[in-house]
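Spelled out from the first residue to the last, the chains are:
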Amino acid sequence: MKVAKSSRISGFHALSTEERLARVAGFCDLDKETVAQLRKYGDLDAELANRLIENVIGTISLPVGIATNMKIDGQDVLIPMATEESSVVAAVCNAGRQCYDNGGFATSSTGALMIAQVQLTQISDPQYARLQILEKEEEIKRICDACDPVLLDHGGGLQSIEVRVLTTAAEPMVVLHLVVDVKDAMGANAVNSMAEAVAPFIEQWTGGQVLLRILSNLADRRLARARAVWGLDAIGGVAVRDGIISAYQMAQADPYRATTHNKGIMNGVSAVVLATGNDTRAIEAGAHAYAVKDGQYGSLTHWEVTAQGDLAGSIELPMAVGIIGGATRLHPTAQACLKILAVDSADRLMRIIAAVGLAQNFSALKALATTGIQKGHMALHAQNIAMLAGAQGEEIARVAERMVQSETVRIDVAQQILNKLRQET
Ligand code: NAD
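The structure reproduced in this document is the subject of the present report. Everything numeric in this text was worked out from a predicted model, so none of it was measured. Think of each chain on its own: its residues are numbered from 1, step by step along the sequence as written. Since the coordinates come from a predicted model, pLDDT governs what is reported: local features require at least 70, and pairs of side-chain atoms require 80 or more to be given and counted, while whole-chain, interface and lining totals use all residues. Hydrogens and water molecules were not included; the side-chain quantities draw on all heavy atoms of the structure.

1. A word on the overall build of the chain
Then step 1. Numbering of helices and strands runs from the N terminus; a helix is a DSSP stretch of H or I covering at least four residues, while a strand is a stretch of E covering at least two. What the chain contains, in helices and strands, is 17 helices and ten strands.
Then step 2. By principal-axis analysis of the C-alpha atoms, the chain measures approximately 85 × 75 × 45 Å.
Then step 3. In the chain, which comprises 425 residues, the proportion classed as buried is 46%.
Then step 4. Only heavy atoms matter for contacts: two residues are in contact if any of them lie within 4.5 Å across the pair. Taking the intrachain contacts of the chain between residues at least 6 apart in sequence as the baseline, contacts between residues at least 24 apart amount to 71%.
Then step 5. Here the chain displays about 21500 Å² of accessible surface, and carbon together with sulfur accounts for 53% of that area. Relative accessibility decides the category of a residue: with a 1.4 Å probe and only protein chains considered, values under 20% of the type maximum give buried, values over 50% give exposed, and everything between is partly exposed. Note that accessible areas follow from Shrake-Rupley with a 1.4 Å probe, and for residues the cover is restricted to the protein chains shown.

2. Section: the side chain of serine 86
Then step 1. Its place among the elements puts serine 86 in the loop between β2 (75–82) and α4 (88–100).
Then step 2. On the basis of relative accessible area, serine 86 is assigned to the buried category, the value being 17%.
Then step 3. In this view, serine 86 contacts His377, Leu380, His381 and Asn384; residues no more than four positions away in its chain are not counted.

3. Concerning the sheet that holds strand β8 (residues 223–230)
Then step 1. Following DSSP output, two strands are said to pair if at least two bridges run between them. If you walk across this open sheet you meet the four strands as β3-β8-β10-β9, and the pairing is antiparallel. Looking along the sheet, the strands with just one partner apiece sit at the ends: β3 (106–109) and β9 (301–305). Mean inter-strand twist for the sheet, computed between neighbouring axes without regard to direction, equals 15°.
Then step 2. Where β9 and strand β10 (residues 311–318) come together, five bridges link them in antiparallel fashion. Bridging from a neighbouring strand, valine 305 pairs with leucine 311 of β10.
Then step 3. Across the sheet, helix α12 (residues 280–290) lies against β8 and β10, angled at about 120° from β10, the strand it touches most. Here the axes come from fitting lines to C-alpha atoms, over the contacting stretch only for helices, and the angles between their N-to-C directions go from 0 to 180 degrees.

4. Topic: the site of the ligand
Then step 1. Whether a residue is near a molecule or strand depends on its heavy atoms: if one lies within 4 Å, it is near. In the region of the ligand, 21 residues are neighbours, and Asp148, Gly187, Asn217, Asp279 and Ile324 sit closest.
Then step 2. A 3.5 Å cut-off defines polar contacts: any pair of N or O atoms within that distance qualifies, except that in protein one atom must be a possible hydrogen donor and the other a possible acceptor, and neighbouring residues in sequence count only when both atoms are side-chain atoms. With respect to the ligand, the side chain of aspartate 148 contributes an N or O atom lying 2.4 Å from an oxygen atom.
Then step 3. A distance of 3.4 Å is found between an oxygen atom of the ligand and a backbone nitrogen or oxygen belonging to alanine 188.
Then step 4. For the shell around the ligand, the secondary-structure elements that each account for two or more residues are α7 (149–153) and α8 (188–206).
Then step 5. In terms of residue count, α8 provides more of the shell around the ligand than any other element does, four residues in total.

5. Here's the deal with unusual backbone geometry
A negative phi holds for most residues other than glycine; trans holds for most peptide bonds.
Then step 1. Phi angles above zero are rare outside glycine, and aspartate 29 is one such case at about 50°.
Then step 2. Relative to the elements of secondary structure, aspartate 29 occurs in the loop between α1 (17–28) and α2 (32–39).
Then step 3. We note that asparagine 55 has phi near 55°; this positive angle belongs to a residue other than glycine.
Then step 4. Take asparagine 55: it is sitting in the loop between α3 (46–52) and β1 (64–72).
Then step 5. With relative accessibility at 35%, the residue asparagine 55 sits in the partly exposed group.

Rendered as structure tokens:
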């Protein structure tokens, strides 16, 4: 009788990476080649990987590409981007080239203010409790700042508090916001510790019960902004400009389109966030929540015509990234990427990423409004399809080229071309 496999593996976390891999291989009947693949730790050694997350059995590598042609606040910068998707890096290079002679991108930010939330329940008089908390601002600042003397030494710490009363399906709740300057950190751990430290005092002052104590990923006090002007000649004329604006207007009017529009922006944003070891989920969550700030989910960018008739683009989005803390300091490739960017503050990194998001959106809208996205995309994607069909070495480019010529990029077509190619040689 066959014994059912059980995923209840007691003590799995306490095993070594090798022992865990052996258990997984046994459970899943993995062949030797698959196990050997998982044993290749690439740019992150097993010891470090095992410290970053739990139950590690391997790592996964992604390509890091460099976006060229980017001038940001008058400074030329090479931008490392980690992504598995073809065309993303090329899109930024193209957008950068087409506004380079116009001065490239100008950026700004609101600084590095993060919000931590403390949820207070079981309060019969929430408005009264709100004032009780607001009166304690100085004491709250003392408690929060005492949590992180290192942050304080770097000029950070609690900046202000806000207290909101929420009407919920169950009961009114009081929510305290700690607004903290986290300087060069992403700041999640920093502000979460403050929220936990202040919680017992909030209970004592109000008589309520604190439940949640955690940051908000809607980091709307930590906005990064970028703008650029693309000249009519550089982009190919009035029809291209108006096509881009029409595409933007559709995104503003239709959440189905806006979601894809913003996904394209995040192709660029998340690739730099990932390359620098930052938290992609935090940035994605913040960006999409910010896109709905006017009541309907809309575009994170704006596209307009300048007084001279050129194309003006702008972007504003939350950007909780750091250059210390989390994996940014620990991951050796993230460190290498930060060196390439030559950033000396989280603020500069925030602004660079905003410029990348705008650049990405320009190229996506331009392609969509002219030749369509598939032409450029498929030329690069054809090589992936050729490899999937079994092409190797020089065969890859030849199969890809013939597929693009035939205007059909599909795995069955790649296989036919490959077979023919092999018969010819
Ligand atoms: P961290 O705690 O590793 O580092 C931040 C600390 O570094 C500061 O608190 C400060 O003590 C110190 N520091 C040294 N030099 C500094 C400087 N110049 N500026 C600011 N601080 C300086 O990291 P973090 O940034 O607090 O937290 C980031 C991590 O938290 C990420 O890995 C993220 O994935 C994770 N996280 C995210 C969430 C979320 O987004 N919802 C929740 C929990 C944890």
